Number of protein chains: 2
Amino acid sequence: MLNTANITRERLGAEGLEWDNELSSHSAAFAAARDALLSRTDDESAMLGWVGLPEDAAMLAAAQKLAAQYAGKFDDLIVLGIGGSSLGGLAIITALQHPYRALQGKSGHGMRVHFVENVDGDSISALLEVLDPKRTLVNVISKSGTTTETMSAYLICKAWLEASVGANWSEQIVATTDPVKGVLRPMVAQYGFSALSVPPSVGGRFSVFSSVGTLPALLAGVDVAALLRGASRANQEFKTQSLSDNAAMQFALANILYAARGKNIVVLMPYSTRARFIADWFAQLWAESLGKIHRDGHRTGTTPVKAVGATDQHSVVQLFMEGPNDKLIAFVRFEAAGKETLIPNSEPTQPDMNYLANKSFQTLLNAEQAATANALRTMEKPNLTFALEALTAENLGWLMQTLMLSTAIVGEIWGIDAFNQPGVELGKKFTYALMGRPGFEDERKRLEAEGVTG
Amino acid sequence: MLNTANITRERLGAEGLEWDNELSSHSAAFAAARDALLSRTDDESAMLGWVGLPEDAAMLAAAQKLAAQYAGKFDDLIVLGIGGSSLGGLAIITALQHPYRALQGKSGHGMRVHFVENVDGDSISALLEVLDPKRTLVNVISKSGTTTETMSAYLICKAWLEASVGANWSEQIVATTDPVKGVLRPMVAQYGFSALSVPPSVGGRFSVFSSVGTLPALLAGVDVAALLRGASRANQEFKTQSLSDNAAMQFALANILYAARGKNIVVLMPYSTRARFIADWFAQLWAESLGKIHRDGHRTGTTPVKAVGATDQHSVVQLFMEGPNDKLIAFVRFEAAGKETLIPNSEPTQPDMNYLANKSFQTLLNAEQAATANALRTMEKPNLTFALEALTAENLGWLMQTLMLSTAIVGEIWGIDAFNQPGVELGKKFTYALMGRPGFEDERKRLEAEGVTG
């Protein structure tokens, strides 16, 4: 449920939105944009295959079957992936697995999952130093198989496994990649890796409900069926509700209206330590989808800022309150805790603390969220809140699909391609040039002329 | 060392800076601002006590003495703190301890450190469930002792310890707080806690080199003397160098100039997994210090955005490249890895990958940083780079003190108080009101009138 109370106030003055009027006046345009998106889901080149993933029972079954084969055989899972190949799984597993799974050792529920999402040799070598190669499964995730970072990490993991288990090393690799194309797919045939496919019509940052996200989540012990059920609920709402009822479209509308009023920043601030990486996952989704050069030449996109409540009330909220009015702030709150935990009443000599006695932590956390949202409103800082009953797999699935649908609608209304990322190509070419890859000699000369050598 | 090559280009056109000219024309103003700041360091009310912390041998000795007492007695350290009471320690320990210390179990070097920086009951109860209360030390850090989040967490940790070790529970608590005032200080006397002081002239977000940051770092096995040596080097440079040579002042100048040109976002993007929380620590430092209402009524501050390279090249860099030209991007790179790790050459059937063979991960990581910085330059996106020889305690200390000095200089030149945080008071009052604390009935009525009850 999206609570937009704090963006509707007349007191916003010159910048103020009459939210009910906005809903009425944009209703037809949003329905048309929604219908246009949905009409293209069967067109592979439209890259909208992600919309139907929550209802793709065959894809889930394939991941479940593979996960079942590994149950009990491994203690640790290394996920080699970057960007869309890691952030969704990381967000889900952090939210739904035991928050200190690493400290439970081998006895906890689900594998311990380690995301290698950087070419940081100190970090990778430290991980391989502490894991047991005989009890570790490696899931290498790259749709194209050409991701330099992922393939570099694959090479070192392969060598590490081979040194320990010899010729059977390939039994400890699962590849998640394009069904036909790319560099990883021929390795699957060559080495006999287990493999799952990423549908060609699903881009990385929209792939969380494909095997990219579901296999690591299953191995971590997450209820993936419930996750997809929630995502499917978001789909149903999107397909059947009008703008005045639909969270995905309303979130898109709020962003579009405030972006047009010069607010170039959108903050996502879940009030939950476990849900914190939802903000990281959203940052990629939003930034890479909407940060574009429009065909008319103007530059689109607002900058996502990650925050966590209540923690960041002691960090960025001072700026949100008193600084420039340049952002829309989106909160996520969960009404109930997973397990109610009370604040003990054990400092009788400190009567100033009595007000906390026997209240639940979740009550305090939610009071802080409501207090912050309303303090921001008094400063005319627009904000809205995704209010969910609890942090469950189903609600998380709903939230993530809702945010993907929102992102797609914004792209549709802005008239940009939300599913490509042409802006990162030059950086890749420059990297190849600096690494001496054949074919990039022109770029190398160009960099050398600027005095850049590595 | 600050590499400002990518902000000096004439090709920036209308927005372009002639950096050498800017250095000349601002040199006197920066020297004056620097001298004004330094002239107030002995004035306790100026809140500049943090400047001298790196040279405060007595404060370090007190923390070292206490840390030595605990050596071998505990496996785990829980740090209860939020904002400035946690982010500095978190950044340092994540950067300098073994990156997978939790997976090493009790046998690793230094205690395993767990930062409880939120009132998230699910997260706190999960932590207490997996730790051994007989082998866990709790460091409660709150300068005022009135921080609701920290004191709530203290209450539950106290009950947890007491249930296990009985009357000796207080021997497992160290309080880091004001030397005289506040709620925690009388508990020190009452229960006999070990205690360290936060100097009254040091605010939370500038407290990393006080006992707030040094005790957890020492217990984690960090070379804190080297850390402070690096911070002291930053001080010496700041005191003796002119703008044309000084990294702290140049970083301040770049921010001031681009903020004046409407760039309301500053990105800090370390190319290092281990150094990632430096960006979180910086976000608080920058946002809470500079997000202010100026006495003339205008609102100051730019919004810090956290990123990690190379990881976020697959996330936000598309937006940085093609999106609006609304940010200054600051990279941090380390020329050498802690331990050189080579990419094995083991896919002979994939000649496309040969260019990676036997190159080091750090070479690739730094090529990606240089590539990204220069790709951004071609899009006229201003960026600069802190280039350090390696991620060592000394260099980290230098970087953090440099960033604190930069922040202070920006506040000084903007004419704001960089050391208070008045904007968070209303949110605190609203929280108290929603939690039923006596004395906040007016705020409660005000919220109820808006339909807000918790």
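From a predicted model like this one, the values you see are computed outputs, not experimental measurements. (Residues numbered from 1 in each chain as written. Chains lettered and ligands numbered in written order. Predicted model: local features only at pLDDT ≥ 70, side-chain atom pairs only at ≥ 80, totals over all residues. Heavy atoms only, no water.)

Caption draft 1: Quick look at the overall build of chain A. Per the secondary structure count, chain A includes 15 helices and 10 strands. Relative to its length of 454 residues, chain A is compact, with a C-alpha radius of gyration of 23 Å against a globular reference of 22 Å. Dimensions of chain A, computed from the C-alpha atoms along their principal axes, are close to 70 × 65 × 50 Å. Taking the contacts inside chain A whose residues are at least 6 apart along the sequence as the reference set, 76% of them involve residues at least 24 apart. As presented, chain A carries roughly 14800 Å² of accessible surface, and 50% of it is formed by carbon and sulfur atoms. (Helix = DSSP H or I, 4+ residues; strand = E, 2+ residues; numbered from the N terminus. Rg over C-alpha atoms; globule rule 2.2 N^0.38 Å. Contact = heavy atoms within 4.5 Å. Areas by Shrake-Rupley, 256 points an atom, 1.4 Å probe, with all protein chains shown as cover.)

Caption draft 2: Examining the sheet that holds strand β8 (residues 303–306) of chain B more closely. Residue and element names in this part refer to chain B. With respect to topology, five strands assemble into an open sheet ordered β1-β10-β9-β7-β8, the strand pairing being mixed. Looking at strand neighbours, the two that pair on one side only are β1 (2–3) and β8, the edges of this open sheet. Strand direction decides the pairing type here: strand β9 (residues 327–336) and strand β10 (residues 383–390), joined by seven bridges, are parallel. Counted as the bridge partner of isoleucine 329 is asparagine 383 from β10. Together, β1, β7 (265–270), β9 and β10 form the strand contacts of helix α10 (residues 247–260), whose direction differs from that of β9 by roughly 155°. (Pairing = 2+ DSSP bridges. Axes fitted to C-alpha atoms, helices over the stretch in contact; angles between N-to-C directions.)

Caption draft 3: The pattern of salt bridges, seen in detail. Per the counting criterion, the structure on display carries 34 salt bridges over all chains. Here lysine 428 of chain A and glutamate 425 of chain A are joined by a salt bridge, their closest N and O atoms 3.8 Å apart. Of the two residues, lysine 428 of chain A and glutamate 425 of chain A are both situated in helix α14 (residues 425–434); the distance of three residues between them amounts to about one turn of the helix. Across the salt bridge formed by arginine 444 of chain B and glutamate 448 of chain B, the nearest N and O atoms sit 3.3 Å from each other. Within this pair, arginine 444 of chain B and its partner glutamate 448 of chain B are both found in helix α16 (residues 441–449), separated by four residues, close to a single helical turn. Classification of arginine 444 of chain B as partly exposed rests on a relative accessible area of 29%. (Salt bridge = Lys/Arg side-chain N within 4 Å of Asp/Glu carboxyl O. Buried < 20%, exposed > 50% of the residue type's maximum accessible area, 1.4 Å probe, protein only.)

Caption draft 4: Local environment of the domain arrangement of chain A. Residues and elements named next belong to chain A. With domains assigned, chain A is organised as domain 1 (2–37 + 227–414), domain 2 (49–222) and domain 3 (426–454). Just the C-alpha atoms count here: the centres of domain 1 and domain 2 sit 30 Å apart. Every contact between the two is made by 29 residues of domain 1 and, on the other side, 20 residues of domain 2. Together, the buried faces of domain 1 and domain 2 total about 2200 Å²; carbon and sulfur atoms form 72% of this surface. Our enumeration of links across domain 1 and domain 2 arrives at one salt bridge. (Domains from an automatic or database assignment. Buried area = accessible area lost by both parts, 1.4 Å probe.)

Caption draft 5: Looking closely at the pairing of β7 of chain B. Residue and element names in this part refer to chain B. In terms of burial, β7 is a largely internal element, six of the six residues being buried. Side chains Ile265, Val267 and Met269 of β7 all project onto a buried face; the interleaved residues Val266, Leu268 and Pro270 project onto the opposite face, where all are buried too. With four bridges joining them, β7 and β8 adopt parallel strand pairing. Opposite leucine 268, over in β8, you have lysine 306 as the bridge partner. After leaving β7, the chain enters helix α11 (residues 277–290) and then returns to the sheet as β8, a path that is right-handed. (Right-handed = clockwise from strand over helix to strand, strands pointing away.)

Caption draft 6: Representation of the sheet that holds strand β3 (residues 112–116) of chain B in the model. Residue and element names in this part refer to chain B. Reading across from one edge, β3-β2-β4-β5-β6 is the order of the five strands in this open sheet, with parallel pairing throughout. Either end of the sheet is taken by a strand with one partner, and the two such strands are β3 and β6 (194–197). The average undirected angle you get between the axes of adjacent strands in this sheet is 20°. With five bridges connecting them, strand β2 (residues 76–80) and strand β4 (residues 136–141) associate as parallel partners. Among the inter-strand pairings, leucine 80 is bridged to a residue of β4, identified as valine 140.

Caption draft 7: Looking closely at unusual backbone geometry. The residue after glycine 309 of chain A, namely alanine 310 of chain A, is reached through a cis peptide bond having omega -5°. Looking at the secondary structure, you find alanine 310 of chain A in the loop between β8 (303–306) and α11 (317–322). Located in the positive-phi region is asparagine 358 of chain A, a residue other than glycine, with phi close to 60°. Topologically, asparagine 358 of chain A is positioned in the loop between β9 (327–336) and α12 (361–378). Even without a glycine there, the phi angle at glutamate 380 of chain B is positive, about 65°. The residue glutamate 380 of chain B is located in the loop between α13 (361–378) and β10 in this model.

Caption draft 8: Molecular detail of the relation of the copies chain B and chain A. In the superposition of chain B on chain A (RMSD 0.0 Å, axial shift 0.0 Å), the rotation amounts to 180°. Interpreted geometrically, this transformation is the action of a two-fold axis. When the interface residues of chain B are mapped onto chain A, 100% of them again lie at the interface, so the same face is used by both copies. (Least-squares fit on C-alpha atoms with pLDDT ≥ 70 in both.)

Caption draft 9: Region of the structure containing the packing of helix α1 (residues 19–39) of chain B against α10 of chain B. Residue and element names in this part refer to chain B. Direction vectors running N to C along α1 and α10 enclose 110°, while the axes themselves pass 10 Å from each other. It follows that α1 is roughly perpendicular to α10 by the angle criterion. Judged by the twist between their axes, the crossing of α1 over α10 is right-handed. Between α1 and α10, the residues in contact are Trp19, Glu22, Leu23, His26, Phe30 and Arg34 and Met249, Gln250, Ala252, Leu253, Ala254, Ile256 and Leu257, respectively. When the residues that make up the contact of α1 with α10 are grouped by side-chain class, the tally is nine nonpolar, two polar and two charged. (Parallel < 35°, antiparallel > 145°, perpendicular 65-115°, else oblique. Left-handed = near helix turned anticlockwise from the far one by under 90°. Nonpolar A, V, L, I, M, F, W, Y, C, P; charged D, E, K, R; others polar.)

Caption draft 10: Structural view of helix α7 (residues 184–191) of chain B. Residue and element names in this part refer to chain B. Listed in full, the buried residues belonging to α7 are Leu184, Arg185, Met187 and Val188. Angularly, the buried residues of α7 cover 160° about the axis, an arc narrow enough to put them on a single face. Positioned one or two residues after α7, glycine 192 has a phi angle of 75°, which is positive. (Arc of directions from axis to C-beta.)

Caption draft 11: Local environment of the interface of chain B and chain A. Each partner contributes to the interface: chain B provides 131 residues, whereas chain A provides 132 residues. Contact with chain A buries surface across chain B, with His314, Tyr355 and Met435 of chain B losing the most and accounting together for 7% of the total. On inspection of chain B and its partner chain A, the count reaches six salt bridges. One can count 50 residue pairs in polar contact (both at pLDDT 80 or more) joining chain B with chain A. The leading source of residues in the side of chain B that touches chain A is α13 of chain B, at 13 residues. Among the residues making up the side of chain B that touches chain A, the classes are represented as 59 nonpolar, 43 polar and 29 charged. (Polar contact = N/O pair within 3.5 Å; in protein donor to acceptor, adjacent residues only side chain to side chain.)

Caption draft 12: Structural view of the nonpolar core. Counting residues in hydrophobic clusters, the biggest one holds 130 residues, and the most contacted among them are Ile78, Leu80 and Tyr154 of chain A together with Ile78, Leu80 and Tyr154 of chain B. Leucine 80 of chain B has contacts with Val116, Val138, Asn139, Val140, Ile141, Thr150, Ala153, Tyr154 and Cys157 of chain B, leaving out every residue within four places of it along the chain. (Core = buried A, V, L, I, M, F, W, Y, C linked by side-chain atoms within 4.5 Å.)

Caption draft 13: Structural detail: the environment of alanine 195 of chain A. Residue and element names in this part refer to chain A. Following the sequence through the fold, alanine 195 ends up in strand β6 (residues 194–197). Between the C-alpha atom of alanine 195 and that of threonine 176, which follows or precedes it by 19 residues, the distance is 5.6 Å. Here alanine 195 is in contact with Ala175, Arg185 and Val188, once residues within four sequence places are set aside.

Caption draft 14: Representation of the packing of aromatic side chains. Residue and element names in this part refer to chain A. Under the criterion given, the structure shown has 32 aromatic pairs over all chains. Among the aromatic residues, those joined into a cluster by ring pairs are Phe251, Phe282, Trp286, Phe386 and Trp398. In this structure, arginine 437 packs its charged tip against the face of tyrosine 432, placed 4.4 Å from the ring centre. (Phe/Tyr/Trp six-rings, centres within 6.5 Å; stacked < 30°, edge-to-face > 60°. Lys NZ or Arg CZ within 6 Å of the ring centre and 35° of its normal.)

Caption draft 15: The arrangement of the side chain of serine 289 of chain A in detail. Within the secondary structure layout, serine 289 of chain A lies in helix α10 (residues 277–290). Setting aside anything within four residues of it in sequence, one finds serine 289 of chain A in contact with Arg205, Phe206, Gln284, Thr407, Ile416, Asp417 and Ala418 of chain A.

Caption draft 16: Broad picture of the confidence of the model for chain A. Of all residues in chain A, 98% have pLDDT values of 70 or greater, and the mean over the chain is 95. As scored by the predictor, the complex reaches a pTM of 0.97 and an ipTM of 0.97. (pLDDT = per-residue confidence, 0-100.)

Caption draft 17: Geometry of helix α9 (residues 224–240) of chain B. Between the first and last C-alpha of α9 of chain B there are 24 Å, a value that for 17 residues agrees with the 24 Å anticipated at 1.5 Å per step. For α9 of chain B, the secondary structure elements touched by its buried residues are α1, α2 (57–70), α3 (87–96), α8 (211–219), α10 and α14 (393–414) of chain B. (Expected span 1.5 Å × (residues − 1).)

Caption draft 18: Quick look at the pairing of β9 of chain B. All names here are of chain B. Burial analysis of β9 places eight of its 10 residues in the buried class, the great majority of the element. By the bridge criterion, six bridges tie β7 to β9 in an arrangement that is parallel. The residue of β9 that forms the bridge with valine 266 is leucine 328. Handedness of the β-α-β unit built from β9, α13 and β10 comes out right-handed.

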